[in-house]
Amino acid sequence: MGSQGEEENMAAWLLGVNNLKILPFKLPPLGPHDARIRMKAVGICGSDVHYLKEMKLADFVVTEPMVIGHECAGVVEEVGTEVKHLVPGDRVAIEPGISCWRCNLCKEGRYNLCPEMKFFATPPVHGSLANQIVHPADLCFKLPENVSLEEGAMCEPLSVGVHACRRANVGQETNVLVMGAGPIGLVTLLAARAFGSPRIVIVDVDDHRLSVAKQLGADETVKVSTNVNDVGAEVGLIKAAMGASVDIALDCAGFSKTMSTALGATCSGGKVCLVGMGHTEMTVPLTPAAVREVDVVGIFRYKNTWPLCIEFLQSGKIDVKPLITHRFGFSQKEIEDAFETSARGGAAIKVMFNL
C-alpha cells in the first residue's frame, strides 16, 4: 500500500467463532483532540483469543462484527486542531481505554473503573488491529528514541503488572510471590523487580514457562500441580523457596487453587492481589487468612501507567523484548496463524503483528 491517505483502511474483524477476516474499516472523523495513527505493532492478548474462541468474555458478549486487538503502538499521521503535544511522525504507545471523565470514579482518578469506559476490542467497541485508527491524543504517549514500537505495544500488558504492584504496595522491603508465569505473570515479575522487590518467587504448572521466568530474573521457581489437594504441601515448598516472609502475593492466574495457595503462603499482615481472572467464582480459605489480617485486593486493567512503563523501558529497568516470541505480518493467512500460535501457548509468550 502507498502512504497516501486515499488507500482503503483495512482491519481484522471478528465475525464469529474462529472467524477472523481482514475487511475494510471506515475511520471515524478526526476530532479536535484526536490523533490519526498508523498502526505498526499490535500484540495478541489472551482476551483477544478468548473472544475468537468463545465470542464472549465474562459479561462482555460479541453480538456484531468487531475489530480485534488492543495492545498497540504506531506513528502519528494527523492530529486534531487542539492537539499540542504530538506532531505527524511521532511514534506513540496507545492506552486503549477511553473513560468519560465526568463520573465520580473518573474525577477521583480511578478512571479504569468508569462504567462508561470504551475500551478497544471490548464489545461493542472496535479495536486496533488495523492499518489506521483514530484515538484521543491524550491517550497517545510519545516514545523515546531508544524504545521500539514493539516495546511501545508491550506497555499495555506491562501496565497490568505495574498497576498490580501499585495496588499491592510492592517496594524495596517486600518479598513477592507471583502465581502464574503466563504473559501477565511474567510482566508482573518484571514490574515487581522494577519496583524494588528484593526477592521474587514465581509458581506455575509448566516447566518451560518457569525457565523463562528464571531467565527474566525470578530468584526461585516452584513447579506446582493442578490438584487442589496439593495446596498444603505446595505452600510449604513456596515458603522454603522464599526463605523469608512472603509479604505480597500477586495471583496472575486467578483460580481457586492459586488463590488458596496465595492466601496460605502470604505472611500474617501481608497482602494478596488478585490479577488473573481464571474463575469467576471460587472457594478459598478466606477465614484463616482474615484472622491473620491478610489483605485481599483486586485490580481491573490499570490507570496512569503509560509514563512509568515508558520510563522503565527507556532506562533499561525493564526489558520486555525477550517476551516477544513470535512475529507475523498483516495478511489473512498470517492473522489466522498468529492467533492459532497464541492460542496453542507452549513456547509462545507474546505474539506480535508488524504492520
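Here the structure is shown first, and the text comes after it.
Residues numbered from 1 in each chain as written. Predicted model: local features only at pLDDT ≥ 70, side-chain atom pairs only at ≥ 80, totals over all residues. Heavy atoms only, no water.

Trainee: Help me understand the pattern of salt bridges, please; the structure alone is not making it clear to me.
Mentor: Two side chains bearing opposite charge may form a pair once their charged atoms approach each other closely. Counted under the stated rule, the structure contains 14 salt bridges. As a salt-bridge pair, Lys 350 and Glu 71 come within 2.9 Å of each other at their nearest N and O atoms. Here Lys 350, found in strand E20 (residues 350-354), pairs with Glu 71, found in strand E7 (residues 71-79); they are 279 residues apart in sequence, far enough to count as distant. Taken individually, Lys 350 and Glu 71 each receive the classification buried, so the pair is uniform in this respect. Among the ionic pairs, Asp 207 bridges to Lys 223, the shortest N-O distance being 3.0 Å. One end of the pair, Asp 207, is in helix H6 (residues 207-215); the other, Lys 223, is in strand E15 (residues 220-223), with 16 residues separating them in the sequence. Overlapping salt bridges, with partners in common, bring together Arg 36, Arg 38, Glu 77 and Glu 78 in one network. (Salt bridge = Lys/Arg side-chain N within 4 Å of Asp/Glu carboxyl O. Helix = DSSP H or I, 4+ residues; strand = E, 2+ residues; numbered from the N terminus. Buried < 20%, exposed > 50% of the residue type's maximum accessible area, 1.4 Å probe, protein only.)

Trainee: Explanation requested: helix H7 (residues 231-242) in the structure shown.
Mentor: One turn of the α-helix equals 3.6 residues, which is why residues spaced by three or four share an orientation. Taking 1.5 Å of rise per residue, 12 residues should cover 16 Å, and H7 covers 16 Å from first to last C-alpha, within 8% of that figure. For H7, the set of buried residues is Val 231, Glu 234, Val 235, Ile 238, Ala 241 and Met 242. Projected down its long axis, H7 shows its buried positions confined to an angular sector of 125°, all on one face. The outward face of H7, more than 90 degrees from its buried face, is lined by the exposed residues Gly 232, Ala 233 and Ala 240. (Expected span 1.5 Å × (residues − 1). Arc of directions from axis to C-beta.)

Trainee: Is there a simple way to think about unusual backbone geometry in this case?
Mentor: Excluding glycine, residues mostly carry a negative phi; peptide bonds, for their part, are mostly trans. In this structure, the amide linkage connecting Pro 123 to the following residue, Pro 124, adopts the cis form with an omega of 5°. Counting through the fold element by element, Pro 124 comes out in the loop between strand E10 (118-119) and strand E11 (132-136). Phi is positive for Glu 293, which is not a glycine, with a value near 55°. Position of Glu 293 relative to the elements: it lies in the loop between helix H9 (286-290) and strand E18 (295-298). Glu 293 gets classed as exposed once you look at its relative accessible area, which sits at 61%. Positive phi, normally seen in glycine, also occurs at Asn 304, with a value near 50°.

Trainee: Explanation requested: the sheet that holds strand E1 (residues 10-16) in the structure shown.
Mentor: In a beta sheet, neighbouring strands are held together by backbone hydrogen bonds and run either parallel or antiparallel to one another. Here 3 strands make up an open sheet; going across it, the order is E2-E1-E6 and the pairing antiparallel. Edge positions in the open sheet fall to strand E2 (19-24) and strand E6 (66-67), since each of these has one partner strand only. As paired strands, E1 and E2 are joined by 6 bridges and run antiparallel to one another. Residue Ala 11 lies in a different strand from E2, and its bridge partner there is Leu 23. Where helix H11 (residues 332-344) meets the sheet, its contacts fall on E1 and E2, and the angle it forms with E2 comes to roughly 145°. (Pairing = 2+ DSSP bridges. Contact = heavy atoms within 4.5 Å. Axes fitted to C-alpha atoms, helices over the stretch in contact; angles between N-to-C directions.)

Trainee: So what exactly am I meant to see when it comes to the nonpolar core here?
Mentor: One recurring pattern in soluble globular proteins: nonpolar side chains tend to sit buried together. Of all hydrophobic cores here, the largest spans 62 residues; its most connected members are Leu 158, Val 170, Leu 186, Ile 202, Leu 250 and Leu 323. Not counting chain neighbours up to four residues away, the residues in contact with Leu 250 comprise Ala 164, Cys 165, Ala 168, Val 170, Val 176, Leu 177, Val 178, Met 179, Thr 188 and Cys 273. With 42 residues, the next largest nonpolar core counts Ile 37, Ile 68, Val 76 and Phe 330 among its residues. (Core = buried A, V, L, I, M, F, W, Y, C linked by side-chain atoms within 4.5 Å.)

Trainee: Sorry, what's going on with the sheet that holds E15 here?
Mentor: Read across the sheet, 6 strands follow the order E15-E14-E13-E16-E17-E18 without closing on themselves; strand pairing throughout is parallel. On the outer flanks of this sheet lie E15 and E18, each paired with one strand and no other. Adjacent strand axes in the sheet meet at a mean angle of 20°, parallel and antiparallel pairs treated alike. Where strand E16 (residues 248-251) lies against strand E17 (residues 271-274), 4 bridges are found, and the strand directions are parallel. Pairing of Asp 251 across the sheet is with Leu 274, part of E17.

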